[in-house]
Amino acid sequence: MPVKINSTSGYLYLDSWVLSSILHLGTIDFCKRFLNNTNDPGGRQYAQMIQAARSAPANIAEGSSRRDTSKETFMKLTDVARATISELAYDYLSIILSENQVPWEMTDTRWRQIHDIRLTRPIYSNNLMHDVGAHILTQKRLFDPWLQSNDKMVVANAMLIICGRIGKMIKRQLEQNLAEFSQTGGFTENLTTLRIETLKDKARNEGSPSCPKCGKPMLKRTAKKGQNAGSQFWSCSDYPNCHGTRPLST
């Protein structure tokens, strides 16, 4: 069967979602510790940064949950997650620049250490949400030597590196799913294929006549326009590849 509906919890296994969740938690902590009435009067940056950080895992989750039924929705929501990561990356960049500093170079040992951290594959039991939460916190501890630093610049640089990693992960997801779509189509296309195959099977089982042009089984159809509108006729099951028809009385 070309149409398959999987569980909506597959996103829980994605490194992009786990790392985005870590970014969200890290951003909440960063804003609590380093933003105040002096550098963020009114708390506007605080709210915007946390909202952007939340948007990434939320849109990855929603997009992945729609992947089976609408690849277009999946692609759009996943791309929204990528956009919000870019927004958040700019926030951390501006914080670093506001201190008259520049982000760490890629040759910096700290940059390489954070960039090279690899997440472990999650193993979840039936106690799903407990295990998911435990996994996120366990993975976050890998980054805590930098995220828990009292030096705002260290934390900001670490978060900027994490943003870059997530952006690359999401880009790969989009590319892979675009390639898959080009090969297998999406939900709408596969629904059409399923319907056509079902009708063909029905025609074969009911002993319908063969197409005079290609020999394939024919289906009953109703004319929608013209002088015969509303009348039934036999049409080739391979339409629109074949336009063979027969009158219903044949």
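Just so it is clear, the model here is predicted, and its values are computed rather than measured. (Residues numbered from 1 in each chain as written. Predicted model: local features only at pLDDT ≥ 70, side-chain atom pairs only at ≥ 80, totals over all residues. Heavy atoms only, no water.)

### Quick look at the pattern of salt bridges
Right, on to step 1. Going through the model one piece at a time under the given rule, you end up with seven salt bridges.
Right, on to step 2. Across the pair Arg33 and Asp29 runs a salt bridge, and its minimum N-O distance is 3.0 Å. Placement of both Arg33 and Asp29 in helix 1 (residues 15–34) is noted, with a separation of four residues, approximately one turn of the helix.
Right, on to step 3. Given a relative accessible area of 22%, Asp29 falls into the partly exposed group.
Right, on to step 4. With a shortest N-O distance of 2.5 Å, Glu175 and Lys171 are connected by a salt bridge. One end of the pair, Glu175, and the other, Lys171, are both in helix 6 (residues 152–184), four residues apart, so they sit about a helical turn from each other. (Salt bridge = Lys/Arg side-chain N within 4 Å of Asp/Glu carboxyl O. Helix = DSSP H or I, 4+ residues; strand = E, 2+ residues; numbered from the N terminus. Buried < 20%, exposed > 50% of the residue type's maximum accessible area, 1.4 Å probe, protein only.)

### Remarks on the packing of helix 1 against helix 3 (residues 71–98)
Right, on to step 1. Running from amino to carboxyl end, helix 1 crosses helix 3 at an angle of 35°, the nearest separation of the two axes being 13 Å. Where helix 1 crosses over helix 3, the handedness of that crossing is left-handed. Of the residues in helix 3, those touching helix 1 at Leu23, Thr27 and Phe30 are Ile85, Leu88, Tyr92 and Ile95. (Axes fitted to C-alpha atoms, helices over the stretch in contact; angles between N-to-C directions. Left-handed = near helix turned anticlockwise from the far one by under 90°. Contact = heavy atoms within 4.5 Å.)

### A look at the packing of helix 1 against helix 2 (residues 44–65)
Right, on to step 1. Remark: helix 1 packs on helix 2, axes separated minimally by 9 Å, with the N-to-C direction vectors making an angle of 165°. Of the possible angle classes, the one that applies to helix 1 and helix 2 is roughly antiparallel. In this structure, the crossing between helix 1 and helix 2 has a hand that is left-handed. Between helix 1 and helix 2, the residues in contact are Ser16, Trp17, Ser20, Ser21, Leu23, His24, Thr27, Ile28, Phe30, Cys31 and Lys32 and Tyr46, Met49, Ile50, Ala53, Arg54, Ala56, Pro57, Ile60 and Ala61, respectively.
Right, on to step 2. Looking at side-chain class alone, the contact of helix 1 with helix 2 contains 13 nonpolar, five polar and two charged residues. (Parallel < 35°, antiparallel > 145°, perpendicular 65-115°, else oblique. Nonpolar A, V, L, I, M, F, W, Y, C, P; charged D, E, K, R; others polar.)

### Side note on the nonpolar core
Nonpolar side chains in soluble globular proteins generally cluster together in the buried interior.
Right, on to step 1. Core analysis: the biggest nonpolar cluster contains 50 residues, and Trp17, Phe143 and Ile162 have the highest contact counts within it.
Right, on to step 2. Every element with two or more residues in this core is listed here: helix 1, helix 2, helix 3, helix 4 (109–115), helix 5 (128–147) and helix 6.
Right, on to step 3. With 14 residues, the single largest contributor to this core is helix 6.
Right, on to step 4. When residues no more than four places from it in sequence are discounted, the contact partners of Trp17 are Tyr11, Leu12, Pro57, Ile60, Ala61, Val132 and Ile136.
Right, on to step 5. Formed by five residues, the second largest nonpolar core is a distinct cluster that contains Cys211, Trp234, Cys236 and Cys242. (Core = buried A, V, L, I, M, F, W, Y, C linked by side-chain atoms within 4.5 Å.)

### Overview of the sheet that holds strand 1 (residues 218–222)
Right, on to step 1. Strand order in the open sheet made by the three strands is 1-2-3, with antiparallel pairing throughout. Strands at the two margins of the open sheet, each flanked by one partner only, are strand 1 and strand 3 (245–247). Between one strand axis and the next, the sheet turns by 35° as a mean value, whatever way the strands run.
Right, on to step 2. With three bridges connecting them, strand 2 (residues 232–236) and strand 3 associate as antiparallel partners. (Pairing = 2+ DSSP bridges.)

### Some words on helix 5
Right, on to step 1. Between its first and last C-alpha, helix 5 extends 26 Å over 20 residues, near the 28 Å set by a 1.5 Å rise per residue.
Right, on to step 2. At Arg141, helix 5 shows its largest bend, some 45°, and a proline, Pro145, comes one to four positions later.
Right, on to step 3. When we look at burial in helix 5, the residues that qualify are Asp131, Val132, His135, Ile136, Gln139, Lys140, Phe143, Asp144, Trp146 and Leu147. (Expected span 1.5 Å × (residues − 1). Bend = angle between axes of the 7 residues up to and from the residue.)

Interpretation in functional terms is not warranted from these geometric data alone.
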